[in-house]
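The residues making up each chain are set out below.
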Amino acid sequence: MKIEDQIGWMNICLTDPSKSYVVGGSEEANEELRKKYLGDSYKIPAGAKAFDELEVKGISRIEVTSENYNDIMKVKGMPVSCFCGEYGRKALKEIESMVRSYYSGELSAGDVQQKIKNICMDMRVEMVQQRYTNGYNAKDNRQVLEDIYGWLQKSNVNATYAANEREGAQTAAAYGGAKEDNWMYYNSDYYYKEEEMKNNIRQAIQEMAKEWETDAVDFEKTEKNPIYALAGGMEYNKVWQHHAFQGRVISLTDIGAVPPKGVTFFYQEKKVPGWDDKDRLEYQKGYVQVSYNHKKWSADVPYNLYGDTVAGFYHMRDFMEQYFKGGMEEECKDFLSKFDIFSEIWASTKGDSMWENCV
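Computed from a predicted model, the values in this text were never measured in an experiment. (Residues numbered from 1 in each chain as written. Predicted model: local features only at pLDDT ≥ 70, side-chain atom pairs only at ≥ 80, totals over all residues. Heavy atoms only, no water.)

1. A short note on helix 9 (residues 316–323)
Thought 1: Regarding helix 9, the residues found buried are Met-316, Phe-319 and Met-320. The buried side chains of helix 9 occupy one side of the element, clustering within an arc of 95° when seen end-on. Looking at helix 9, the residues exposed on the side facing more than 90 degrees away from the buried face are Glu-321 and Gln-322.
Thought 2: As for helix 9, its buried residues are in contact with strand 7 (264–268), strand 8 (286–292), strand 9 (295–301), strand 10 (313–315), helix 10 (330–336) and strand 11 (339–342). (Buried < 20%, exposed > 50% of the residue type's maximum accessible area, 1.4 Å probe, protein only. Helix = DSSP H or I, 4+ residues; strand = E, 2+ residues; numbered from the N terminus. Arc of directions from axis to C-beta. Contact = heavy atoms within 4.5 Å.)

Here it is, written out as C-alpha cells:
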C-alpha cells in the first residue's frame, strides 16, 4: 500500500482546496479542514515536506508531523485512553454537545448515528497522526470504539438524569423548594429514553466495528471499566440512586427494577419550609405525588421525629396502602413498592450500609 493511501495521510490540493482530504477522516472533518486551513490565507507548515505530485494537477502529498520520512510509520502503542490530551477533551465536549442536542430535539436518531461514526473515524485518524497506531491494527481500532462507546454512554445516562432532575425541580419548587437536597423525582420515560439512545449508540459502534473488520465490542464489559464507574456508573437506575444517596431521603431497593412506561414519582422530605414549635407535626410533613395512565395520587407524609416514637421511615407499599386511595394499576404499584422513603435524620442513624445497592 502506498504511503499516501495510509489512514491519517493529508492530501492537499493547492489549486482547488475542495479536493483536499485526510485519508480515513469523516466528511464533516474534511470539510472543516478545507474551510479552516485551506482558504486564501493558508500556508504550508514550515516543516512540511512535499513528495511526488499526484496525476491531478496541483495535489501534493505533504507529511506534516515527522521530520524523518523513514520515521513516519513507527508507532508508540495506544494510550490508556483515546481521550487523553487536548484532542480527547475536544472530542468529549463534542460528544456531550451531541447528546444534549439529541435530547433537545435538534438531532434525530439518524443524525446521532452518523455523528458517532464521524467521531470514530476522526479519533482513529488522530491516533494515527499521533503515532499511537497505524490505523489497521484490529485491537487498536477496537480500543478506539470501546473508548468512544464508554464516554458516549456515560454522557447519555448523565443527560437523561439531568433532564429528569430539571423536570422534578418544577414540582419541588411548588412545595418545600427546589434548592434543598431533600427531594427526588423519578420519571420512567427518561429510563426508556436512555435505553433507546443506548441502542442507537451500540448500533453505530457495531457498524463501525464491521466496517473496520474488528471484533465486536463487548458493551457490558466496557461499561464495567472503573473509568466510568463514578457517579453511579452507566445505568440509569444506578445514576438515579447515586443522586438519591446525596440527599439521603429515599432509596430504590431494587436497582434492576424495570419501570412501567409513563410513571412519575415525586417525594419531598419536608413539604413546609421553616419551623414552628407550636405546630411541629405540620412542619415535619413530607409529600408524595405519583402519576400514571392519566391519573394522579398525592398525600402528605406524616413524620414525628421529636415525639415519644420516632416515625421517620416508610416502605412505599405500606405507605400507599395506608394513604393512597385505590385505582392504581398493579404494575405501577409493584414498581413503586421498590422504594423506601424516610427522613434525613432517620437515615443518619443507619450509616452507609443501607446504600449498598448504589453500586
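And the narrative resumes.
2. So, helix 7 (residues 236–247)
Thought 1: Its 12 residues place the ends of helix 7 17 Å apart at the C-alpha level, agreeing with the 16 Å of an ideal helix rising 1.5 Å per residue.
Thought 2: Looking only at helix 7, the buried set comprises Tyr-236, Asn-237, Val-239, Trp-240, Gln-241, Ala-244 and Gly-247.
Thought 3: Lining the buried residues of helix 7 we find helix 4 (138–173), strand 5 (183–187), helix 5 (188–212), strand 6 (250–252), strand 11 and helix 11 (344–348).
Thought 4: Positioned one or two residues after helix 7, Arg-248 has a phi angle of 60°, which is positive. (Expected span 1.5 Å × (residues − 1).)

3. Details of the sheet that holds strand 9
Thought 1: Overall, antiparallel pairing links the four strands, which are arranged 5-7-8-9 in an open sheet. Pairing within the sheet leaves two strands with one partner each, and these edge strands are strand 5 and strand 9. In this sheet, adjacent strand axes meet at a mean angle of 5° when their direction is disregarded.
Thought 2: The pairing of strand 8 with strand 9 spans seven bridges and is classified as antiparallel. Note on strand 9: the bridge partner recorded for Val-288 is Ala-299.
Thought 3: Across the sheet, helix 4 lies against strand 5, strand 7 and strand 8, angled at about 120° from strand 5, the strand it touches most.
Thought 4: Of the strands in this sheet, strand 7, strand 8 and strand 9 are in contact with helix 9, which crosses strand 9 at around 100°. (Pairing = 2+ DSSP bridges. Axes fitted to C-alpha atoms, helices over the stretch in contact; angles between N-to-C directions.)

4. Re the packing of aromatic side chains
Thought 1: Considering all chains together, one arrives at 23 aromatic pairs under this definition.
Thought 2: On the basis of an interplanar angle of 55° and a centroid distance of 4.6 Å, the ring pair of Tyr-149 and Phe-219 is categorised as tilted. One end of the pair, Tyr-149, is in helix 4; the other, Phe-219, is in helix 6 (residues 219–223), and 70 residues separate them in sequence. Exposure class is identical for Tyr-149 and Phe-219. Each is buried.
Thought 3: Between the aromatic rings of Tyr-191 and Tyr-192, the centroid separation amounts to 5.1 Å while the plane-to-plane angle is 75°, which identifies the pairing as edge-to-face.
Thought 4: On the basis of relative accessibility, which here comes to 24%, the residue Tyr-192 falls in the partly exposed class.
Thought 5: Three or more aromatic residues joined by ring pairs make a cluster, and in this case those are Tyr-186, Tyr-191, Tyr-192, Tyr-236, Trp-240, Phe-265, Phe-335 and Phe-339.
Thought 6: Its end group placed over the ring of Trp-212, Arg-124 keeps NZ or CZ at 4.2 Å from the ring centre.
Thought 7: Above the ring of Tyr-192, the side-chain terminus of Lys-261 is found at 5.1 Å from the ring centroid. (Phe/Tyr/Trp six-rings, centres within 6.5 Å; stacked < 30°, edge-to-face > 60°. Lys NZ or Arg CZ within 6 Å of the ring centre and 35° of its normal.)

5. Concerning the sheet that holds strand 10
Thought 1: Strand order in the open sheet formed by three strands is 6-11-10, and the pairing between neighbours is antiparallel. Each having just a single partner strand, strand 6 and strand 10 make up the two edges of the open sheet. Across the sheet, the mean angle from the axis of one strand to that of its neighbour is 15°, orientation sign disregarded.
Thought 2: With three bridges connecting them, strand 6 and strand 11 associate as antiparallel partners. Bridging from a neighbouring strand, Ile-250 pairs with Ile-341 of strand 11.
Thought 3: Its contacts with the sheet place helix 7 against strand 6 and strand 11, and it is angled at close to 160° to strand 6.
Thought 4: Together, strand 10 and strand 11 form the strand contacts of helix 9, whose direction differs from that of strand 10 by roughly 90°.

6. Some thoughts on a negative patch on the surface
Thought 1: Taken together, the side chains of Glu-165, Glu-180, Asp-181 and Glu-344 make up a negatively charged region of the molecular surface.
Thought 2: Mapped onto the elements, Glu-165 comes out in helix 4.
Thought 3: The class of Glu-165 is partly exposed, set by a relative accessible area of 36%. (Patch = residues over 30% accessible without salt bridge, like charges linked within 9 Å, V, L, I, M, F, W, Y side chains within 5 Å. Areas by Shrake-Rupley, 256 points an atom, 1.4 Å probe, with all protein chains shown as cover. Salt bridge = Lys/Arg side-chain N within 4 Å of Asp/Glu carboxyl O. Lys, Arg positive; Asp, Glu negative; His and termini not counted. Charge placed at Lys NZ, Arg CZ, Asp CG, Glu CD.)

7. Looking at the packing of helix 4 against helix 7
Thought 1: Taken N-terminus to C-terminus, the directions of helix 4 and helix 7 make an angle of 55°; their axes are 10 Å apart at the nearest point. The orientation of helix 4 relative to helix 7 falls into the category oblique. The handedness of the crossing between helix 4 and helix 7 is right-handed. Contacts between helix 4 and helix 7 pair Val-157, Asn-158, Thr-160, Tyr-161 and Asn-164 from the former with Tyr-236, Val-239, Trp-240 and His-243 from the latter.
Thought 2: Taken together, the residues that form the contact of helix 4 with helix 7 break down as five nonpolar, four polar and no charged. (Parallel < 35°, antiparallel > 145°, perpendicular 65-115°, else oblique. Left-handed = near helix turned anticlockwise from the far one by under 90°. Nonpolar A, V, L, I, M, F, W, Y, C, P; charged D, E, K, R; others polar.)

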